Amino acid sequence: MGRIAVLAETPLVVPRPAALSLGKRELRSRLYLPSWHRPGDGPLPVLLNPYAGHGMQVVLKVRSWWVAVAQWFAEQGFAVLVTDGRGTPGRGEAWEKSVHGDRLTAVLDDQIDALHAAAARCSALDPARVAVRGWSFSGYLAAAAVLRHPEIFHAAVAGAAPADRRLYDTHWEERFLGHPDVLPENYERNSLLSEAAGLTRPLMLVHGLADDNVAVAHMLRFSAALLAAGRPHTVLPLSGAGHRVVRAAGSLLLLERDFLRKSLGVEHGGPAARTPGRTPES
(Lines give C-alpha, C1' and ligand atoms only; values in the text may rest on other atoms or scores of the structure.)
Protein backbone atom coordinates (compact mmCIF):
# COMPACT_ATOMS: atom_id res chain seq x y z
CA MET A 1 0.00 0.00 0.00
CA GLY A 2 1.51 3.35 -1.08
CA ARG A 3 2.07 6.27 1.20
CA ILE A 4 0.22 9.56 0.88
CA ALA A 5 2.65 12.40 0.33
CA VAL A 6 2.57 15.39 2.69
CA LEU A 7 2.45 18.55 0.59
CA ALA A 8 2.14 21.08 3.41
CA GLU A 9 4.77 23.79 3.24
CA THR A 10 6.97 24.62 6.19
CA PRO A 11 5.70 27.94 7.63
CA LEU A 12 8.00 30.93 7.49
CA VAL A 13 7.28 31.57 11.15
CA VAL A 14 6.62 28.96 13.81
CA PRO A 15 3.68 30.02 16.01
CA ARG A 16 4.46 29.94 19.73
CA PRO A 17 1.38 31.30 21.52
CA ALA A 18 0.88 31.23 25.27
CA ALA A 19 -2.64 30.25 26.31
CA LEU A 20 -4.16 32.67 28.83
CA SER A 21 -7.41 33.09 30.73
CA LEU A 22 -7.74 36.78 31.52
CA GLY A 23 -9.82 39.00 33.75
CA LYS A 24 -12.97 38.43 35.73
CA ARG A 25 -14.71 36.87 32.71
CA GLU A 26 -11.82 34.44 32.17
CA LEU A 27 -11.40 35.63 28.60
CA ARG A 28 -9.80 33.06 26.35
CA SER A 29 -6.67 34.62 24.90
CA ARG A 30 -3.38 33.87 23.18
CA LEU A 31 -0.23 35.93 23.63
CA TYR A 32 2.44 35.83 20.92
CA LEU A 33 5.92 37.12 21.73
CA PRO A 34 8.91 37.31 19.36
CA SER A 35 11.08 34.21 19.28
CA TRP A 36 14.10 36.45 19.90
CA HIS A 37 12.66 38.24 22.94
CA ARG A 38 14.25 37.34 26.27
CA PRO A 39 13.33 38.29 29.84
CA GLY A 40 14.88 41.64 30.63
CA ASP A 41 14.88 42.81 27.00
CA GLY A 42 12.37 45.51 27.90
CA PRO A 43 8.68 45.93 27.13
CA LEU A 44 7.30 45.58 23.63
CA PRO A 45 4.60 47.63 21.91
CA VAL A 46 1.32 45.74 22.05
CA LEU A 47 -0.79 44.80 19.05
CA LEU A 48 -4.32 43.52 19.58
CA ASN A 49 -5.18 41.23 16.67
CA PRO A 50 -8.64 39.79 17.39
CA TYR A 51 -11.64 38.91 15.28
CA ALA A 52 -14.09 39.22 18.18
CA GLY A 53 -17.18 39.05 15.99
CA HIS A 54 -20.13 36.69 15.90
CA GLY A 55 -19.70 33.24 14.39
CA MET A 56 -15.93 32.85 14.59
CA GLN A 57 -13.38 31.88 17.22
CA VAL A 58 -9.67 32.51 16.73
CA VAL A 59 -8.41 31.38 20.14
CA LEU A 60 -8.20 27.72 19.22
CA LYS A 61 -5.63 24.95 19.12
CA VAL A 62 -5.20 25.17 15.36
CA ARG A 63 -2.44 25.99 12.90
CA SER A 64 -4.31 28.43 10.66
CA TRP A 65 -3.45 31.55 8.69
CA TRP A 66 -4.46 33.93 11.45
CA VAL A 67 -2.07 32.17 13.84
CA ALA A 68 0.80 32.61 11.40
CA VAL A 69 -0.06 36.29 10.90
CA ALA A 70 -0.13 36.88 14.66
CA GLN A 71 3.30 35.29 15.09
CA TRP A 72 4.67 37.20 12.11
CA PHE A 73 3.67 40.50 13.70
CA ALA A 74 5.29 39.31 16.91
CA GLU A 75 8.55 38.67 15.03
CA GLN A 76 8.37 42.26 13.81
CA GLY A 77 8.65 43.47 17.39
CA PHE A 78 5.16 43.38 18.86
CA ALA A 79 3.57 41.55 21.75
CA VAL A 80 0.46 40.30 19.97
CA LEU A 81 -2.67 39.62 22.02
CA VAL A 82 -5.65 37.74 20.57
CA THR A 83 -8.87 37.45 22.60
CA ASP A 84 -12.30 35.93 22.01
CA GLY A 85 -14.70 38.04 24.04
CA ARG A 86 -18.44 38.32 24.37
CA GLY A 87 -20.35 37.76 21.16
CA THR A 88 -18.08 34.97 19.92
CA PRO A 89 -19.27 31.34 19.87
CA GLY A 90 -18.25 28.51 22.14
CA ARG A 91 -19.29 29.83 25.55
CA GLY A 92 -23.04 29.47 25.58
CA GLU A 93 -26.12 31.27 24.31
CA ALA A 94 -26.06 34.14 26.82
CA TRP A 95 -22.42 34.91 25.94
CA GLU A 96 -23.20 35.09 22.22
CA LYS A 97 -26.40 37.12 22.64
CA SER A 98 -24.83 39.67 24.99
CA VAL A 99 -24.11 41.88 21.96
CA HIS A 100 -27.77 42.12 20.91
CA GLY A 101 -28.62 45.76 20.27
CA ASP A 102 -25.03 46.94 20.82
CA ARG A 103 -22.25 45.32 18.82
CA LEU A 104 -19.41 47.38 20.27
CA THR A 105 -19.56 48.19 23.98
CA ALA A 106 -19.18 44.72 25.49
CA VAL A 107 -16.76 43.64 22.78
CA LEU A 108 -14.48 46.62 23.34
CA ASP A 109 -14.71 46.23 27.12
CA ASP A 110 -13.49 42.64 26.83
CA GLN A 111 -10.54 43.61 24.65
CA ILE A 112 -9.57 46.30 27.15
CA ASP A 113 -9.97 43.96 30.12
CA ALA A 114 -7.80 41.35 28.41
CA LEU A 115 -5.14 43.95 27.61
CA HIS A 116 -4.97 45.20 31.19
CA ALA A 117 -4.90 41.69 32.65
CA ALA A 118 -2.19 40.53 30.24
CA ALA A 119 -0.05 43.61 30.93
CA ALA A 120 -0.37 43.03 34.68
CA ARG A 121 0.73 39.43 34.26
CA CYS A 122 3.49 39.86 31.66
CA SER A 123 6.11 42.62 31.89
CA ALA A 124 6.91 42.23 28.19
CA LEU A 125 3.81 44.30 27.33
CA ASP A 126 4.03 48.09 27.19
CA PRO A 127 0.54 49.55 27.84
CA ALA A 128 1.79 52.99 26.80
CA ARG A 129 2.15 51.77 23.20
CA VAL A 130 -0.94 49.85 22.08
CA ALA A 131 -2.26 49.35 18.56
CA VAL A 132 -5.10 47.29 17.16
CA ARG A 133 -5.64 45.84 13.70
CA GLY A 134 -8.37 43.81 12.08
CA TRP A 135 -10.40 42.96 9.02
CA SER A 136 -14.17 42.97 8.52
CA PHE A 137 -15.77 42.95 11.99
CA SER A 138 -12.39 43.36 13.66
CA GLY A 139 -11.61 46.24 11.29
CA TYR A 140 -14.79 47.88 12.54
CA LEU A 141 -13.68 47.11 16.10
CA ALA A 142 -10.20 48.56 15.47
CA ALA A 143 -11.62 51.86 14.21
CA ALA A 144 -14.05 52.02 17.14
CA ALA A 145 -11.19 51.38 19.58
CA VAL A 146 -9.24 54.51 18.63
CA LEU A 147 -12.44 56.58 18.39
CA ARG A 148 -13.87 55.60 21.75
CA HIS A 149 -10.76 54.86 23.79
CA PRO A 150 -7.81 56.94 22.56
CA GLU A 151 -6.44 56.88 26.10
CA ILE A 152 -5.81 53.14 25.64
CA PHE A 153 -5.39 52.58 21.91
CA HIS A 154 -2.75 54.68 20.16
CA ALA A 155 -3.10 53.53 16.53
CA ALA A 156 -5.31 51.29 14.40
CA VAL A 157 -5.51 49.60 11.02
CA ALA A 158 -9.11 48.98 9.99
CA GLY A 159 -9.56 46.70 6.98
CA ALA A 160 -12.92 46.27 5.23
CA ALA A 161 -14.69 47.82 8.20
CA PRO A 162 -18.52 47.91 8.06
CA ALA A 163 -18.55 51.43 9.48
CA ASP A 164 -22.26 52.10 8.85
CA ARG A 165 -24.36 49.11 9.89
CA ARG A 166 -27.29 50.41 7.80
CA LEU A 167 -25.34 49.40 4.69
CA TYR A 168 -24.73 45.79 5.68
CA ASP A 169 -26.81 42.73 4.70
CA THR A 170 -30.24 42.94 6.32
CA HIS A 171 -30.49 39.17 6.89
CA TRP A 172 -27.40 39.38 9.08
CA GLU A 173 -27.59 42.80 10.68
CA GLU A 174 -31.21 42.68 11.78
CA ARG A 175 -30.56 39.64 13.96
CA PHE A 176 -28.36 41.90 16.12
CA LEU A 177 -29.89 45.36 15.80
CA GLY A 178 -33.49 44.79 14.76
CA HIS A 179 -35.30 46.56 11.93
CA PRO A 180 -33.81 50.01 11.24
CA ASP A 181 -37.27 51.57 10.95
CA VAL A 182 -38.30 50.16 14.33
CA LEU A 183 -35.04 50.55 16.24
CA PRO A 184 -33.08 53.32 14.47
CA GLU A 185 -31.25 54.15 17.70
CA ASN A 186 -29.47 50.78 17.55
CA TYR A 187 -28.04 51.61 14.13
CA GLU A 188 -27.02 55.09 15.22
CA ARG A 189 -25.33 53.69 18.34
CA ASN A 190 -23.35 51.21 16.27
CA SER A 191 -22.37 53.53 13.42
CA LEU A 192 -18.86 54.98 13.34
CA LEU A 193 -19.84 57.88 11.08
CA SER A 194 -21.35 59.96 13.87
CA GLU A 195 -18.18 59.53 15.95
CA ALA A 196 -15.74 60.58 13.22
CA ALA A 197 -15.06 64.00 14.75
CA GLY A 198 -13.59 62.31 17.83
CA LEU A 199 -10.60 60.75 16.06
CA THR A 200 -7.30 61.82 17.64
CA ARG A 201 -5.12 58.78 16.90
CA PRO A 202 -3.49 57.51 13.67
CA LEU A 203 -5.95 55.41 11.68
CA MET A 204 -5.42 53.55 8.41
CA LEU A 205 -8.49 52.50 6.44
CA VAL A 206 -7.94 49.63 3.98
CA HIS A 207 -10.62 48.36 1.62
CA GLY A 208 -10.84 46.21 -1.51
CA LEU A 209 -12.63 48.09 -4.27
CA ALA A 210 -14.25 44.85 -5.49
CA ASP A 211 -15.50 43.80 -2.04
CA ASP A 212 -18.99 42.31 -2.43
CA ASN A 213 -19.37 41.53 1.28
CA VAL A 214 -18.58 44.83 2.98
CA ALA A 215 -19.22 47.36 0.19
CA VAL A 216 -16.56 49.99 -0.37
CA ALA A 217 -19.25 52.59 0.40
CA HIS A 218 -18.58 51.90 4.09
CA MET A 219 -15.01 53.13 3.80
CA LEU A 220 -15.91 56.03 1.51
CA ARG A 221 -18.62 57.34 3.83
CA PHE A 222 -16.44 56.94 6.90
CA SER A 223 -13.48 58.67 5.24
CA ALA A 224 -15.77 61.48 4.06
CA ALA A 225 -17.06 61.95 7.62
CA LEU A 226 -13.49 62.07 8.95
CA LEU A 227 -12.48 64.55 6.27
CA ALA A 228 -15.52 66.75 6.94
CA ALA A 229 -14.55 66.82 10.62
CA GLY A 230 -10.95 67.72 9.78
CA ARG A 231 -9.59 64.46 11.16
CA PRO A 232 -6.35 63.28 9.43
CA HIS A 233 -6.33 59.61 8.44
CA THR A 234 -4.78 57.26 5.90
CA VAL A 235 -6.79 55.55 3.15
CA LEU A 236 -5.46 52.56 1.22
CA PRO A 237 -7.80 51.39 -1.58
CA LEU A 238 -6.97 48.00 -3.07
CA SER A 239 -7.83 47.87 -6.76
CA GLY A 240 -9.43 44.59 -7.84
CA ALA A 241 -9.40 43.11 -4.33
CA GLY A 242 -12.47 41.52 -2.79
CA HIS A 243 -13.27 40.89 0.85
CA ARG A 244 -10.31 38.52 1.06
CA VAL A 245 -7.02 39.99 -0.10
CA VAL A 246 -4.91 37.33 -1.77
CA ARG A 247 -2.67 38.79 -4.48
CA ALA A 248 -1.08 41.56 -2.42
CA ALA A 249 -1.54 40.14 1.08
CA GLY A 250 2.16 39.99 1.90
CA SER A 251 2.79 43.55 0.78
CA LEU A 252 -0.25 44.73 2.73
CA LEU A 253 1.12 43.22 5.93
CA LEU A 254 4.38 45.10 5.42
CA LEU A 255 2.51 48.37 4.91
CA GLU A 256 0.47 47.76 8.05
CA ARG A 257 3.60 46.97 10.02
CA ASP A 258 5.34 50.15 8.91
CA PHE A 259 2.27 52.29 9.65
CA LEU A 260 1.94 50.83 13.14
CA ARG A 261 5.64 51.20 13.90
CA LYS A 262 5.64 54.84 12.83
CA SER A 263 2.42 55.57 14.73
CA LEU A 264 3.77 54.04 17.94
CA GLY A 265 7.24 55.53 17.59
CA VAL A 266 8.93 52.16 17.13
CA GLU A 267 12.26 52.50 15.33
CA HIS A 268 12.81 48.81 14.63
CA GLY A 269 11.33 45.50 15.58
CA GLY A 270 14.27 43.34 16.62
CA PRO A 271 16.35 40.73 14.78
CA ALA A 272 13.56 39.15 12.73
CA ALA A 273 12.48 42.51 11.31
CA ARG A 274 15.71 42.73 9.33
CA THR A 275 14.21 40.42 6.68
CA PRO A 276 11.05 42.42 5.86
CA GLY A 277 10.22 40.53 2.67
CA ARG A 278 9.31 37.34 4.48
CA THR A 279 5.64 37.33 5.39
CA PRO A 280 3.17 34.48 5.91
CA GLU A 281 1.28 35.51 2.76
CA SER A 282 4.19 36.29 0.41
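Presented here is an overview of the structure given in this document. Remember, predicted model here, so these are calculated numbers, not experimental data.

Topic: helix H1 (residues 65-75)
Summarising burial for H1: 10 of the 11 residues are buried, a large majority. When H1 is considered as a whole, its buried residues turn out to be Trp66, Val67, Ala68, Val69, Ala70, Gln71, Trp72, Phe73, Ala74 and Glu75. The secondary structure elements touched by the buried residues of H1 are strand E2 (27-32), strand E3 (44-48), strand E4 (79-84), strand E5 (125-135) and helix H8 (249-264). Phi for glycine 77, located one or two positions after H1, is positive at around 110°.

Here's the deal with the packing of H1 against H8
One can describe the packing of H1 onto H8 by two numbers: an axis separation of 11 Å at closest approach and a directional angle of 40°. On the basis of the axis angle, H1 is oblique to H8. The way H1 lies across H8 gives a crossing that is right-handed. Of H8, the residues touching H1 (which contributes Val69, Trp72 and Phe73) are Leu253, Leu254, Glu256, Arg257 and Leu260.

With respect to the nonpolar core
Of all hydrophobic cores here, the largest spans 85 residues; its most connected members are Phe153, Leu203 and Phe222. Residue contributions to this core peak at nine residues, all from helix H4 (residues 137-148). Those residues in contact with leucine 203 that sit more than four places away from it in its chain are Ala143, Val146, Ala156, Ala158, Phe222, Leu226, His233, Thr234 and Phe259.

Digging into the pattern of salt bridges
This structure, assessed with the given rule, holds 13 salt bridges. In this structure, the salt-bridge partner of arginine 25 is aspartate 110, at a minimum N-O distance of 2.8 Å. In this pair, arginine 25 sits in the loop between strand E1 (18-22) and E2 while aspartate 110 sits in helix H3 (residues 105-121), placing the two residues 85 residues apart along the sequence. Both residues of the pair, arginine 25 and aspartate 110, count as buried. Of the charged contacts, one joins glutamate 256 and arginine 133 as a salt bridge, the two residues approaching to 2.6 Å between their closest N and O atoms. Within this pair, whereas glutamate 256 is found in helix H8, its partner arginine 133 is found in strand E5, the two being separated by 123 residues in sequence. By sharing partners, the salt bridges in this structure join Arg25, Arg86, Asp110 and Asp113 into a single network.

Side note on the sheet that holds E2
Strand order across the open sheet formed by eight strands is E1-E2-E4-E3-E5-E6-E7-E8, with mixed pairing between neighbours. Strand pairing shows two members of the sheet lacking a second neighbour, E1 and strand E8 (234-238), which therefore form its edges. The mean inter-strand angle of the sheet, taken between neighbouring strand axes irrespective of direction, is 20°. Pairing of strand E6 (residues 155-159) with strand E7 (residues 203-208), which is carried by four bridges, proceeds in the parallel orientation. Note on E7: the bridge partner recorded for alanine 158 is leucine 205. Lying on the sheet, helix H7 (residues 217-228) is in contact with E7 and E8; it crosses E7 at an angle near 155°.

Comments concerning the pairing of E8
Of the strand pairs in this sheet, E7 and E8 are connected by five bridges, and their pairing is parallel. When the bridges of E8 are listed, leucine 205 appears paired with valine 235.

Observations regarding unusual backbone geometry
Positive phi values are uncommon outside glycine, yet alanine 52 reaches one of about 70°. Within the secondary structure, alanine 52 sits in the loop between E3 and H1. Given the relative accessible area of 2%, alanine 52 is considered buried. The backbone of alanine 160 shows a phi angle near 50°, a positive value even though the residue is not glycine. Tracing the backbone through its elements, the reader meets alanine 160 in the loop between E6 and helix H5 (170-177). Residue classification places alanine 160 among the buried residues on the basis of a relative accessible area of 0%.

Conventions we followed
- The numbering scheme is per chain: residues are counted from 1 as the chain's sequence reads.
- Residue-level local features of this predicted model are given only where pLDDT is at least 70; pairs of side-chain atoms are given and counted only at 80 or more, and the full residue set underlies all totals for whole chains, interfaces and linings.
- Just so you know, side-chain values use all the structure's heavy atoms and leave hydrogens and water out.
- We call a residue buried when its accessible area falls under 20% of the maximum for its residue type, exposed when it is over 50%, and partly exposed in between, using a 1.4 Å probe and counting protein chains only.
- What counts as a helix is a DSSP run of H or I of at least four residues, what counts as a strand is a run of E of at least two, and both are numbered from the N terminus.
- Only heavy atoms enter the contact rule, under which two residues are in contact if any of them lie within 4.5 Å.
- Only the contacting stretch of a helix is used when fitting its axis, a line to C-alpha atoms as for every element, and angles between N-to-C directions run 0 to 180 degrees.
- By definition in this entry, angles of less than 35 degrees are roughly parallel, angles greater than 145 are roughly antiparallel, angles of 65 to 115 are roughly perpendicular, and the rest are oblique.
- Working rule for handedness: look at the near helix, and if it is turned counterclockwise from the far one by less than a right angle, call the crossing left-handed; if clockwise, right-handed.
- The criterion is simple. A nonpolar core is a set of buried Ala, Val, Leu, Ile, Met, Phe, Trp, Tyr and Cys residues joined through side-chain atoms within 4.5 Å.
- We define a salt bridge as a side-chain nitrogen of Lys or Arg found within 4 Å of a carboxyl oxygen belonging to Asp or Glu.
- Two strands pair if DSSP finds at least two bridges between them.

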